[in-house]
Amino acid sequence: MAGHSQFKNIMHRKGAQDAKRAKQFAKVIREITVATRSGMPDPAMNPRLRAAITAAREVNMPKDTVERAIKKASGAGGGEDYVAVRYEGYGPAGVAIIIEGLTDNRNRTASEVRAAFSKHGGSMGETNSVSFGFDHIGVITYPLDAASEDDMLEAAIEAGADNVETTEDGHEITTAMEALMSVRDALEGRFGEPRSAKLDWRPQTTVTLDEDQARSVLKLIDVFEENDDVQSVYANFDIPDDVAEALAA
């Protein structure tokens, strides 16, 4: 997954951090809204809401902002009615891309995603046209000091996880999609709240990009991530170290 992490690092280094934070807050609030309305407003009784609150902490959203979002979403009537959507297609250099979003207007979002693909050298496909090349899994992360490598591995396997990878960045626990919340709860009971717990699309194979291709692909990813209706973007590219350094320069 070298390309996956390099992609994240590149995106984190890109400018306009304040604007990005505002976008992140808006997307997390939208997820909190949907999670609250899909179950109880009490995180202890609503696994999706717990995951959304964890995501809020990951982007340093103030606690009172989270509480206001939950309160607003749990009010009777009013407010936007969001539905989950997923789009798939190919970007420059044949890179497979999956876009997940929450929208109050399917037609608008589909039109904007299709236009972005077309404008930036890609093409939008049908549902499942590229997702067959990805594994849809649960991913839980903990900081390195949360537990020893052996303790985390033992606890994760006992909880039903598939694998644990420990690096200098921390512990990454992967699970079957349907086991994410049960594994998360078991680990939280032993090691405290995780850094993050969410579903992820992991590519089975990757496309290695040169500098020009990487710029084109990242530009398209930027367009998708700037869209208020888009929650997450996944792609199957790999950027070699020398190309990543050139892009960051």
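- Per an unreviewed UniProt entry, the protein goes by Probable transcriptional regulatory protein NQF86_00950 and derives from Bombella pluederhausensis.
- We quote the UniProt Subcellular location (unreviewed entry) comment for the protein here in full: "Cytoplasm".
- According to the UniProt record, the Sequence similarities (unreviewed entry) comment for the protein is "Belongs to the TACO1 family."

## A few points about helix H5 (residues 106-119)
- A rise of 1.5 Å per residue sets the reference length of H5, with its 14 residues, at 20 Å; its end C-alpha atoms lie 20 Å apart and thus fit the reference within 8%.
- Turning to H5, its buried residues are Thr109, Ala110, Val113, Ala116 and Phe117. Projected onto a plane normal to the axis of H5, the buried residues spread over an arc of 130° and lie on a single side. Among the exposed residues of H5, those oriented more than 90 degrees off its buried face are Asn107, Ser118 and Lys119.
- Summarising the contacts, the buried residues of H5 are in contact with strand E1 (83-90), strand E2 (96-103), strand E3 (123-125) and helix H8 (211-226).
- Between the side-chain oxygen of the N-cap and the backbone nitrogen of asparagine 107 there are 3.2 Å, and the N-cap of H5 in question is asparagine 105.
- Positive phi appears at glycine 121, one or two residues downstream of H5, with a value of about 80°.

## Some thoughts on the pairing of E2
- Among the eight residues of E2, seven are classified as buried, and the element is accordingly described as predominantly covered.
- Bridge count for E1 against E2 is eight bridges, and the pairing is antiparallel. Across the sheet, residue glycine 89 finds its bridge partner in E2, namely isoleucine 97.
- Linking E1 back to E2 in an antiparallel pair, the connection comprises five residues, with alanine 93 at a positive phi of about 65°.
- For E2 and strand E9 (residues 230-235), the ladder comprises five bridges, and the chain directions are antiparallel. Considered in E9, the bridge of isoleucine 97 is made with alanine 235.

## Description of the sheet that holds strand E6 (residues 170-176)
- What the four strands build is an open sheet, ordered E5-E6-E4-E7; its pairing is antiparallel. One side of each edge strand has no neighbouring strand; the edge strands of this open sheet are strand E5 (163-167) and strand E7 (196-203). Taken pair by pair, the neighbouring strands of this sheet meet at an average axis angle of 30°, ignoring direction.
- Pairing analysis gives six bridges linking strand E4 (residues 134-142) to E6, with the strands arranged antiparallel. The residue of E6 that forms the bridge with tyrosine 142 is histidine 171.

## Things to note about the packing of aromatic side chains
- For the coordinates displayed, the defined rule picks out two aromatic pairs.
- Their ring planes at 75° and their centres at 6.1 Å tell us that tyrosine 142 and phenylalanine 191 sit as a pair that is edge-to-face. Placement of tyrosine 142 in strand E4 and of phenylalanine 191 in helix H7 (residues 180-191) is noted, with a sequence separation of 49 residues between them. Pair check on accessibility: tyrosine 142 and phenylalanine 191 agree, each one buried.

## What about the nonpolar core?
- Of all hydrophobic cores here, the largest spans 24 residues; its most connected members are Val95, Ile97, Ile99, Phe117, Phe224, Phe237 and Ile239.
- When contributions to this core are tallied by element, the ones reaching two or more residues are E1, E2, H5, H8, E9 and helix H9 (241-248).
- Counting 15 residues, the second-largest nonpolar core is a separate cluster that includes Ile140, Ala161, Ile173 and Leu180.

Scoring rules and cut-offs
Residues numbered from 1 in each chain as written. Predicted model: local features only at pLDDT ≥ 70, side-chain atom pairs only at ≥ 80, totals over all residues. Heavy atoms only, no water. UniProt positions renumbered as here; feature names shortened; annotations may be inferred. Helix = DSSP H or I, 4+ residues; strand = E, 2+ residues; numbered from the N terminus. Expected span 1.5 Å × (residues − 1). Buried < 20%, exposed > 50% of the residue type's maximum accessible area, 1.4 Å probe, protein only. Arc of directions from axis to C-beta. Contact = heavy atoms within 4.5 Å. Polar contact = N/O pair within 3.5 Å; in protein donor to acceptor, adjacent residues only side chain to side chain. Pairing = 2+ DSSP bridges. Axes fitted to C-alpha atoms, helices over the stretch in contact; angles between N-to-C directions. Phe/Tyr/Trp six-rings, centres within 6.5 Å; stacked < 30°, edge-to-face > 60°. Core = buried A, V, L, I, M, F, W, Y, C linked by side-chain atoms within 4.5 Å.

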